[in-house]
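Notes for the structure review
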Amino acid sequence: MDTDPIAADLEDTGPVSAEASLRAEADAAYRRVLRDPARYANAAESTLRRTRTGTDVDAELIALRAVAWARHARLDNEGARDLLDQGVRTARRHGLSRRLGELLVTRAVALHELGRHDAAARDLRHAEPLIEPADRTDLRLQRAVLDHNRGRIVAAAQAYRSLLADPATPAIVLVKAANNLAHAQTLLGRPHEALEHLDRAAVLARDLGPQLPAVIAGSRAWSTFHAGRLAESVRYFEQSRRLHADAGLPLGEHQLEYADVLRDLRLLDEAMVAARSAAADFDSHGARLMAAEARLRVAGLALDLGDPATALAEAQAAAQDFRRQRRPAWTARATVTEAEALAARDGYTTGVLRRLRTAAATLRSQGLRAEAAYGHLAAGRAALDLGRTAVARTELAAVSEVAEGQSLLVRLRGRVARVLLAEVDGGADVLRECARGLRDLARHRAALPSLELRVLASGHGTELGEAGLRHLLPVTAGSRRPAGSPARVLDWLERTRAAALLRVHPPATGVDQDVIALRGIAQELRVARLERGEEPAALLARQSALETRIRRRSWSREDPGTEAAAPATGASLRRALAGEWLVEFAVTGDRMWAVVVEPRRIRIVELGGADPVRQEAAALMFGLRRLLHGTRFASVAHGAARDAVDALTRLLVTPLGVPADTPLVVVPSARVPGVPWSALHPAPVTVTPSAALWARARRTPPKGPPDAHGRARVAVIAGPDLPGALAEVTAVAAAHPGARTLIPPDSTVDATIGLIKDADLAHLACHGLFRSDSPLFSALELSDGRLTLYEMLSHGVAPHRVVLASCDSGAQRSYSGDEVLGFVGAMMSTGSAGIAATDLPIPDGACAGSMAVLHDRIARGDSLATAVWHARQALSAGGGPEEYVAWCGLTAYGPG
């Protein structure tokens, strides 16, 4: 039975002529195609063929218009235009004025999508006198769309409101006008008003086929994001994608809007994939209007990703298209990106400054305040770089004005502008403006639904954090004394140091079938490597698709987690340290500094240039990895590694004056990675992403009550393909009476999760894999596949103390905003108080003896740092290359 609401139009109402019947069929075909072009495109083609065998030209033109609209809907605007050209000629030849007007309006739609603005506007002008005033709603809508895409957003919004207020406007035009008005309102910085229009449009669209609900879902996702409801937005985008697919619609526009959201979430690689996909989709269909917009997105993302050459080429191409399409606002946007790319490649020039100022003024005049804020800020930076202080003041003041009342990320640009102005004026208000911006960012970050998104979001505050630190500490040698007290510098560092890790998420509920499937694929890949020495491309593709789906789902969780821990202060830290010393490192410009927290005071120590430290750390990592390869140059590499350790000690620890027998807590700077901190100080060393995280872990009680015999709950697990792991597990378990063990083939993922989830102490001896491209998919190899960090976090797996006797288990990826992510940071964020791990590959069996020592010391009641210190002493006594690598790499994280 046909449930189409238009089916009633074709019901038998009595005898009619063949011509009238064909015309009714053509009318119904057009209305059906408007509602569901994918479903009725073929039927419209059939109707057109039948009309061409008859004599009713009117019916033929109606059917022709239906087919043309179906082609437009699938982005075949060239085909639609060709067909409409035929129809226009036919209507003129037969003097069919009304049909000619309708065809011209539809052709204007196709021409507009092809980037031919003047031709589209001309068709609308010619169509207007041919259509009765009461029937001009389509024409009025399309004229507003032309204004909208030229950047005349205010004028377009007024036209949409006029259509919405007109009682003669058909439902389908009402829905389109409401949807477009919502887009305009969002561009003008009023996303909450936009969502009200979309709510009304969604109700009307329910009975108008699958196309409009899909479009509205995409608009709702985009406006919801700009309204600050981030997780909800991602869910709407997923819904929009499904609705677009179900409606048979191209995904280009969906991908384009999704790219904007991904960019603001700082998922830059994913945003680039979406933008390039949209550009390819539009290019393949000749949709030059949207292709130019996609190309500009690609340019902006290339600039964010540090590729000014690509950014420049794409921005220039987009600007050329926008000029050809007579779109001044879009041309101005492209000009800003092009100028920024030129400056990134060649430095600022007066020409770049002039173009930025002109573009920013154009954007502001069009009411595009968010884009204007970016343009004025870029112009202000250029003016500062060129020493044009008066111009800089004007441009930076403009940023504050246009950013007021906008979305958080636009307001952050306003904060940056005020900071730059304060620096010009002598710096009195720098810290206050930076602090306000970072507080705003903290609220934004708190609303994000996943650890990954929170870590990435901190990048939005990088410039504010660096400006505050630059105000407190000089950036060049001997330029001035630190302006801030040691306590104030420590407080500032803690505002931006691993701030995303201070919020704990509740575990997910239910079974994630994708995670189970991913585990199975990892096992298939392992078998393929063992049997054939290769990883099949089809399996890798399935693995990538599953990981993408899992990540996307994590972006839309509804529970943002518990309140973040408060930053650590000097007085509270000294009490928690209980006689230990803490040192927090910082980098400003090319200089390294250390804030040293002693039992009775806090002080600042200038350490010198950061580059020598990076060079020695890189040399050490190179030497240690050569030692593991067992080449004939091993003795040379061993000596070079020892020299590098000595050099790093002189550069980083000796100037601090820490007593040789005093335990030390180290908070590294993410800008100086690869330092083996345990090897630089003779007493126990603990490393932590931030002082606040260390202090919170210090307060964290053991997981639960002891077992029935009053003993701590200890879990010991061995992974597959490691003969030395079996002996290690036996030795470790012997140190803890009542310890529960899992060895292959029983050490499965589910069994391991069940055993270690609530353990006071867990020891895992297995292969480790660190994924620098996606740290949450770093994994431990177990008997039936990989236990990923993502799965551990999803299940709330965070034993009170953990020993990860796995290669690269201590490795972490650094992110903008002084964030890090890996096993250590994620597990401490989830609630582990102490972790022993290594950020180097360690051969099987190299640490077996030292692990026995470590657990013997833990069983005696030592802290994890002290136990690791004793284990490292045992390794140093061994004296071989593998033992030396393990001695350098084995590190205690957290107070444990």
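Bear in mind that the values here come from a model prediction, so they are computed numbers and not experimental data. (Residues numbered from 1 in each chain as written. Predicted model: local features only at pLDDT ≥ 70, side-chain atom pairs only at ≥ 80, totals over all residues. Heavy atoms only, no water.)

Things to note about the overall build of the protein chain
The helix and strand inventory of the protein chain stands at 38 helices and 16 strands. The C-alpha radius of gyration of the protein chain comes to 32 Å, within 12% of the 29 Å expected for a compact globule of 896 residues. Projected onto the principal axes, the alpha-carbon positions of the protein chain cover approximately 100 × 70 × 50 Å. When burial is assessed residue by residue, the protein chain has 57% of its 896 residues classed as buried. Sequence-distant contacts in the protein chain: of pairs separated by 6 or more residues, those separated by 24 or more amount to 68%. Roughly 35,500 Å² of accessible area belongs to the protein chain as shown, and the carbon and sulfur atoms make up 51% of that amount. On the protein chain, the mean spot of the 111 positive side-chain charges and the mean spot of the 105 negative ones are 4 Å from each other. (Helix = DSSP H or I, 4+ residues; strand = E, 2+ residues; numbered from the N terminus. Rg over C-alpha atoms; globule rule 2.2 N^0.38 Å. Buried < 20%, exposed > 50% of the residue type's maximum accessible area, 1.4 Å probe, protein only. Contact = heavy atoms within 4.5 Å. Areas by Shrake-Rupley, 256 points an atom, 1.4 Å probe, with all protein chains shown as cover. Lys, Arg positive; Asp, Glu negative; His and termini not counted. Charge placed at Lys NZ, Arg CZ, Asp CG, Glu CD.)

A few points about helix α20 (residues 389-403)
Given 3.6 residues per turn, any residue in an α-helix points the same way as the ones three and four places further on. With 15 residues, α20 extends 21 Å between its outermost C-alpha atoms, agreeing within 8% with the 21 Å of an ideal straight helix rising 1.5 Å per residue. Among all positions of α20, only Val 391, Ala 392, Glu 395, Leu 396, Ala 398, Val 399, Ser 400, Val 402 and Ala 403 are buried. For α20, the elements touching its buried residues are α18 (350-365), α19 (369-385) and α21 (408-424). Count one or two residues on from α20 and you reach Gly 405, which has phi positive near 80 degrees. (Expected span 1.5 Å × (residues − 1).)

Structural notes on the sheet that holds strand β1 (residues 581-588)
Taking strand neighbours across the sheet as the criterion, the eleven strands line up as β3-β2-β1-β4-β5-β16-β15-β12-β8-β6-β7 in an open arrangement whose pairing is mixed. What marks the edges here is a single partner per strand, and that holds for β3 (602-609) and β7 (740-742). The average undirected angle you get between the axes of adjacent strands in this sheet is 20 degrees. Where strand β4 (residues 664-667) and strand β5 (residues 685-687) come together, three bridges link them in parallel fashion. Bridged to Val 665 within β5 is Thr 686. Where helix α28 (residues 570-577) meets the sheet, it contacts β1, β2 (591-597), β3 and β4, and its direction lies at approximately 135 degrees from that of β1. (Pairing = 2+ DSSP bridges. Axes fitted to C-alpha atoms, helices over the stretch in contact; angles between N-to-C directions.)

Let's talk about the side chain of His 244
As for its position among the elements, His 244 is in helix α12 (residues 230-246). Not counting chain neighbours up to four residues away, the residues in contact with His 244 comprise Ala 214, Val 215, Leu 249, Pro 250, Leu 251 and His 254.

Examining the sheet that holds strand β9 (residues 768-769)
In space, the three strands of this open sheet follow the order β9-β10-β11, with antiparallel pairing throughout. The open sheet has two free edges, formed respectively by β9 and β11 (785-788), since each of these has just one partner strand. Where strand β10 (residues 779-782) meets β11, four bridges bridge the pair, whose relative direction is antiparallel. Among the inter-strand pairings, Leu 780 is bridged to a residue of β11, identified as Leu 787. Along the sheet, helix α26 (residues 513-532) makes contact with β10 and β11, crossing β11 at roughly 130 degrees.

Some points on the pattern of salt bridges
Under the defined criterion, the tally for this structure stands at 66 salt bridges. Across the salt bridge formed by Glu 128 and Arg 143, the nearest N and O atoms sit 3.3 Å from each other. Taken together, the residues Glu 128 in the loop between α6 (117-127) and α7 (137-150) and Arg 143 in helix α7 connect sequence positions 15 residues apart. Residue Arg 143 is classed as partly exposed on the basis of its relative accessible area of 31%. A salt bridge links Glu 238 to Arg 552, with the shortest nitrogen-to-oxygen separation between them at 3.7 Å. Of this pair, Glu 238 sits in helix α12 while Arg 552 sits in helix α27 (residues 537-554), placing them 314 residues apart in sequence. Take Arg 552: its relative accessible area is 24%, and that puts it in the partly exposed class. One continuous salt-bridge network, built from bridges that share partners, spans Arg 23, Asp 56, Asp 58, Arg 65, Arg 98, Arg 99, Glu 102 and Asp 138. (Salt bridge = Lys/Arg side-chain N within 4 Å of Asp/Glu carboxyl O.)

Focus: the environment of Leu 780
In this fold, Leu 780 is placed in strand β10. By relative accessible area, Leu 780 is classed as buried at 1%. Between the C-alpha atoms of Leu 780 and Pro 612, which are 168 residues apart in sequence, the distance is 34 Å. In contact with Leu 780, other than residues within four places in its own chain, are Leu 764, Cys 766, His 767, Gly 768, Gly 785, Arg 786, Leu 787, Leu 804, Ser 806 and Phe 823.

Focus: the nonpolar core
In this structure, Phe 585, Leu 624 and Leu 652 are the most contacted members of the largest nonpolar core, which totals 275 residues. For Phe 585, the residues in contact, after removing those within four places along its chain, are Arg 497, Met 592, Trp 593, Ala 594, Leu 607, Leu 652, Leu 656, Val 666, Val 667, Pro 668, Ser 669 and Trp 677. Within the second largest apolar cluster, ten residues are counted, among which are Ala 278, Ala 279, Met 290 and Ala 291. (Core = buried A, V, L, I, M, F, W, Y, C linked by side-chain atoms within 4.5 Å.)

Quick word on the packing of α12 against helix α13 (residues 252-264)
It is the contact of α12 with α13, at a shortest axis distance of 11 Å, that shows an interaxial angle of 165 degrees. Taken together, α12 and α13 sit at an angle that is classed as roughly antiparallel. Crossing of α12 over α13 shows left-handed handedness. Residue-level inspection shows Ser 233, Val 234, Phe 237, Glu 238, Ser 240, Arg 241 and His 244 of α12 in contact with α13, the latter providing His 254, Glu 257, Tyr 258 and Val 261. The residue makeup of the contact of α12 with α13, split by class, is four nonpolar, four polar and three charged. (Parallel < 35°, antiparallel > 145°, perpendicular 65-115°, else oblique. Left-handed = near helix turned anticlockwise from the far one by under 90°. Nonpolar A, V, L, I, M, F, W, Y, C, P; charged D, E, K, R; others polar.)

Section: unusual backbone geometry
Of note, the amide linkage connecting Pro 744 to Pro 745 takes the cis form, showing an omega dihedral of 5 degrees. By the element assignment, Pro 745 lies in the loop between β7 and α33 (749-756). Not every positive phi belongs to a glycine, and Leu 75 is a case in point at roughly 70 degrees. You can see Leu 75 is positioned in the loop between α3 (57-73) and α4 (77-94). Phi at Arg 326 takes a positive value of approximately 55 degrees, unusual for a residue other than glycine. With respect to the helices and strands, Arg 326 occurs in the loop between α16 (308-324) and α17 (328-346).

With respect to the confidence of the model for the protein chain
Overall, the prediction assigns the protein chain a mean pLDDT of 89, with 94% of residues at 70 or greater. Note on residues 1-14: pLDDT under 50 across the span, and 16 contacts to partners over four residues away in sequence or across chains. (pLDDT = per-residue confidence, 0-100.)

Notes on the pairing of strand β15 (residues 834-838)
Counted residue by residue, β15 has five buried out of five residues, so it is predominantly covered. Residue alternation in β15 divides its side chains into two sets, Gly 834, Ala 836 and Thr 838 and Ile 835 and Ala 837, and both sets are buried.

Side note on helix α5 (residues 97-113)
Between the first and last C-alpha of α5 there are 25 Å, a value that for 17 residues agrees with the 24 Å anticipated at 1.5 Å per step. Counting buried positions along α5 gives 15 out of 17 residues, so the element sits mostly inside the fold. A positive phi of about 85 degrees marks Gly 115, the residue just after α5.

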